Amino acid sequence: MLKRVVLFLLSGYLLVVISLYTFQESLIFIPESLEQNYKYSFSSPVKEFNIENNGTSLNALHFKADSSKGVILYFHGNAGNLSRWGTIIQPLLKYDYDLIVMDYRGYGKSQGEFSEELMYGDARVFYDYAKTQYPENQIIVYGRSLGTAFATHVASNNNPQKLILETPFYSIVSVAKNKFPFLPINWLLNYRFESNKMADFVSCPTLVLLSGKDEVVSYESGLKLSQEFNQVKMINLEQAGHNNQAQFEQYWSALEDFLKH
């Protein structure tokens, strides 16, 4: 009887391990596709454009502020597409910065297969595009959730004016270990997204916006990451969760203060 129980438990454990390894991309990336003829509709003026990287067409939006002081290059979270994220980021226009936001490969109208290294390359291509439109000292890089890995990556390889990270994580490995402490995460994950290893190479002032009640990325993970930056201001929105920081006045006041100074 005991042997059967042990075999049952081992079989169940093995099934969980295999499932996590097999379906890890569907846990990390939650894209929504769009038809290529889809027409974006926003309340602010916007230009849709595409950039090709390594034979892959990547779709993006370029919003224009009424009086621009530069641009915020925004890397969005792991779910949805630009039809959603364009609406989410529009309020940032009030700070008099234009906005550029791309859809990752496999999201919206963007093509291509998921790959950590290729996605880092895509992020660099869009930073290079921003540099063709604005002086580098007028570029602010902003990342949200999954996008904080790409934002940290491009900031660590360039010299933007500032870096903003909303609900960031130390690494995807650390997030997975927190969720599945009983699994051999280091062996299972093909994706690392190790922002912790890039943070020390970021030379610009950095704002880290953490949520005290984050149900996706632990507060401790973001706090640990913030300690890796050289010039950092960390804000804890104690009552905020992972997806609702914009509902708190503290979020907007922190952004306004950081962008003004």
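Everything below is about the structure printed above this text.
Here the residue index of a chain counts from 1 through its sequence in written order. With the structure being a predicted model, the display of local features is reserved for residues of pLDDT at least 70 and the display and counting of side-chain atom pairs for 80 or more, all residues being used for whole-chain, interface and lining totals. Calculation of side-chain values draws on the structure's entire complement of heavy atoms; hydrogens and water are dropped beforehand.

Student: Where do I start with the pattern of salt bridges in this structure?
Tutor: For side chains of opposite charge, pairing can occur when their charged atoms come near one another. By definition here, a salt bridge exists when the distance from a side-chain nitrogen of Lys or Arg to a carboxyl oxygen of Asp or Glu is within 4 Å. Per the counting criterion, the structure on display carries eight salt bridges. Close ionic contact of Lys-197 with Glu-194 constitutes a salt bridge, the shortest N to O distance being 3.5 Å. A relative accessible area of 54% means that Lys-197 is categorised as exposed. A salt bridge links Glu-256 to Lys-260; the nearest nitrogen and oxygen atoms lie 3.1 Å apart. Residue Glu-256 and its partner Lys-260 are located together in helix 10 (residues 249-260), separated by four residues, close to a single helical turn. Classification of Glu-256 by relative accessible area gives partly exposed; the value is 34%. Here Lys-260 falls in the exposed class, since its relative accessible area comes to 59%. Burial status follows relative accessibility: with a 1.4 Å probe on protein chains alone, a residue under 20% of its type maximum counts as buried, one over 50% as exposed, and anything between as partly exposed. Secondary structure elements follow DSSP: runs of H or I no shorter than four residues count as helices, runs of E no shorter than two count as strands, and numbering proceeds from the N terminus.

Student: I tried to follow the layout of surface pockets on my own but got confused; where do I start?
Tutor: A probe matching the size of a water molecule, rolled over the atoms, marks out where space remains unfilled. Method remark: on a 1 Å grid restricted to protein atoms, a set of points is classed as a cavity if a 1.4 Å probe fits but cannot get out and as a pocket if it is open with protein on both sides within 12 Å along at least five of seven lines; lining residues have an atom within 4 Å of a point. Grid points are joined across faces, edges and corners, and a volume is the space filled by probe spheres set on the points. In this structure, the largest pocket occupies an estimated 590 Å³ of space. Those elements that provide at least two residues to the lining of the largest pocket are helix 2 (24-28), helix 3 (82-89) and helix 6 (172-179). Residue contributions to the lining of the largest pocket peak at four residues, all from helix 6. Residue type decides the class: Asp, Glu, Lys and Arg count as charged, Ala, Val, Leu, Ile, Met, Phe, Trp, Tyr, Cys and Pro as nonpolar, and the leftover types, Gly among them, as polar. A breakdown of the residues in the lining of the largest pocket according to their chemical character gives 15 nonpolar, six polar and three charged.

Student: Got a minute to help me understand the packing of aromatic side chains in this structure?
Tutor: Aromatic ring pairs are defined here through the distance separating the ring centres and the angle between the ring planes. Within 6.5 Å between ring centres, the rings of Phe, Tyr and Trp (the latter by its six-membered ring) count as paired, and their orientation is classed by plane angle as stacked under 30 degrees, edge-to-face over 60, tilted in between. Counting across every chain of the model gives 19 aromatic pairs. Summarising the aromatic geometry, the rings of Tyr-74 and Trp-85 are spaced 6.4 Å apart at their centres and angled 40° between planes, so their arrangement reads as tilted. Separated by eleven residues along the polypeptide, Tyr-74 in strand 4 (residues 71-75) and Trp-85 in helix 3 bring together distant segments of the chain. Pair check on accessibility: Tyr-74 and Trp-85 agree, each one buried. Among the aromatic residues, those joined into a cluster by ring pairs are Phe-29, Tyr-104, Tyr-107, Phe-114, Tyr-120, Phe-150, Tyr-191 and Phe-193. As a reminder, the over-ring test applies to NZ of lysine and CZ of arginine, requiring each to be within 6 Å of the ring centre and within 35 degrees of the ring normal. Over the face of the ring belonging to Trp-252 we find Lys-94, whose NZ or CZ atom lies 4.3 Å from the ring centre.

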